[in-house]
Amino acid sequence: MRERIARFMRGRYGNDRLNNFLLGLSLALIVVDLFARTRVLYFLGLLCLVWSYVRMFSRRIDKRAAENRWYLDRTQGIRNFFAKKKRLRTMKKTYHLCKCPSCRQQIRVPKGRGQLEVTCPKCRCVFRTRS
C-alpha cells in the first residue's frame, strides 16, 4: 500500500507551508461554523480544504512553488515575530536579560551568578546587575 501511494505521489507537488496554513484555516472555519451556525464559514472551510488538496496533488510544481514563495514572503514578518518570542522564551531559562542604563542596549547575563559587573558591548559602560 505504501508503494502505491509513493507511486501515485511521484511527480506531484506534495505538502508545503501554504498547504499547512490552508488545512489549519479550513479546520478553524469549520469548527467556528459549528458554533456560529452560518453555512458561509463551512463553505469557505471546504473551499480551503479543496484548494489545499488541489495544490497537493498538482503536477505544476513550478506554479505551486511560486505560490508558496509568495505566501512565505507575505508572512515573513509574522513568522519572525513569533520565532523571536520563542527564542526569548527558551533563552530566559538560562539567561537573565538586563538593559544598559546609558544606551538601553539589552544584554544577557547567565542566571544564578549573583551580583555581576557587566560591560555594555555597545557603549562600554560598566554597571552592576543581579543575575
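Residues numbered from 1 in each chain as written. Predicted model: local features only at pLDDT ≥ 70, side-chain atom pairs only at ≥ 80, totals over all residues. Heavy atoms only, no water.

**Student:** A description of a positive patch on the surface should follow, citing residues and the corresponding values.
**Tutor:** A contiguous patch of positive charge, built from Lys 84, Lys 85, Arg 87, Lys 92 and Lys 111, is present on the exposed surface. Along the chain, the position of Lys 111 falls in the loop between strand S2 (106-110) and strand S3 (115-119). (Patch = residues over 30% accessible without salt bridge, like charges linked within 9 Å, V, L, I, M, F, W, Y side chains within 5 Å. Areas by Shrake-Rupley, 256 points an atom, 1.4 Å probe, with all protein chains shown as cover. Salt bridge = Lys/Arg side-chain N within 4 Å of Asp/Glu carboxyl O. Lys, Arg positive; Asp, Glu negative; His and termini not counted. Charge placed at Lys NZ, Arg CZ, Asp CG, Glu CD. Helix = DSSP H or I, 4+ residues; strand = E, 2+ residues; numbered from the N terminus.)

**Student:** Quick rundown of the environment of Gly 45? Include the residues and the values.
**Tutor:** Checked against the element boundaries, Gly 45 lands in helix H3 (residues 39-56). Residues Gly 45 and Val 31, 14 residues apart in the sequence, show an inter-C-alpha distance of 9.0 Å. Those residues in contact with Gly 45 that sit more than four places away from it in its chain are Ser 26, Leu 29 and Ile 30. (Contact = heavy atoms within 4.5 Å.)

**Student:** I'd like a rundown of the nonpolar core, residues and numbers included.
**Tutor:** Among the nonpolar cores identified, the biggest contains seven residues, and these are Cys 98, Cys 100, Ile 107, Val 109, Val 118, Cys 120 and Phe 127. Not counting residues up to four positions away in its chain, the partners in contact with Phe 127 are Cys 98, Lys 99, Cys 100, Pro 101, Ile 107, Leu 116, Glu 117, Val 118 and Cys 120. Within the second largest apolar cluster, five residues are counted, among which are Leu 18, Leu 22, Leu 29 and Tyr 71. (Core = buried A, V, L, I, M, F, W, Y, C linked by side-chain atoms within 4.5 Å. Buried < 20%, exposed > 50% of the residue type's maximum accessible area, 1.4 Å probe, protein only.)

**Student:** Explain the pairing of S2 to me, and be specific about the residues and the numbers.
**Tutor:** Residue alternation in S2 divides its side chains into a buried set, Ile 107 and Val 109, and an unburied set, Gln 106, Arg 108 and Pro 110. Pairing between strand S1 (residues 95-99) and S2: five bridges, direction antiparallel. Within S2, the residue paired with Tyr 95 across the bridge is Pro 110. Between S1 and the antiparallel strand that follows it, S2, lie six residues; Arg 104 among them carries a positive phi value of about 65 degrees. (Pairing = 2+ DSSP bridges.)

**Student:** Let's hear about the packing of helix H2 (residues 17-36) against H3: which residues, and what values?
**Tutor:** Each pair of packed helices can be summarised by the angle the axes make with each other and by the distance between the axes. In the contact formed by H2 and H3, the axes pass within 8 Å of each other and the chain directions differ by 160 degrees. Considering their axes alone, H2 and H3 lie roughly antiparallel with respect to each other. Crossing angle aside, the handedness with which H2 passes H3 is left-handed. Residues Leu 18, Asn 19, Leu 22, Leu 23, Leu 25, Ser 26, Leu 29, Ile 30, Val 32, Asp 33 and Ala 36 of H2 pack against Arg 39, Leu 41, Tyr 42, Leu 44, Gly 45, Leu 46, Cys 48, Leu 49, Trp 51, Ser 52, Arg 55 and Met 56 of H3. (Axes fitted to C-alpha atoms, helices over the stretch in contact; angles between N-to-C directions. Parallel < 35°, antiparallel > 145°, perpendicular 65-115°, else oblique. Left-handed = near helix turned anticlockwise from the far one by under 90°.)

**Student:** With reference to specific residues and values, describe the pattern of salt bridges.
**Tutor:** Tallying each qualifying case throughout the model produces five salt bridges. The residue Arg 55 makes a salt bridge to Glu 67 at a minimum N-O spacing of 2.8 Å. One end of the pair, Arg 55, is in helix H3; the other, Glu 67, is in helix H4 (residues 61-74), and 12 residues separate them in sequence. The same class applies to Arg 55 as to Glu 67, namely buried. One salt-bridge network, held together by shared partners, links Asp 16, Arg 55, Arg 64 and Glu 67.

Any link to function would need more than the numbers given here.
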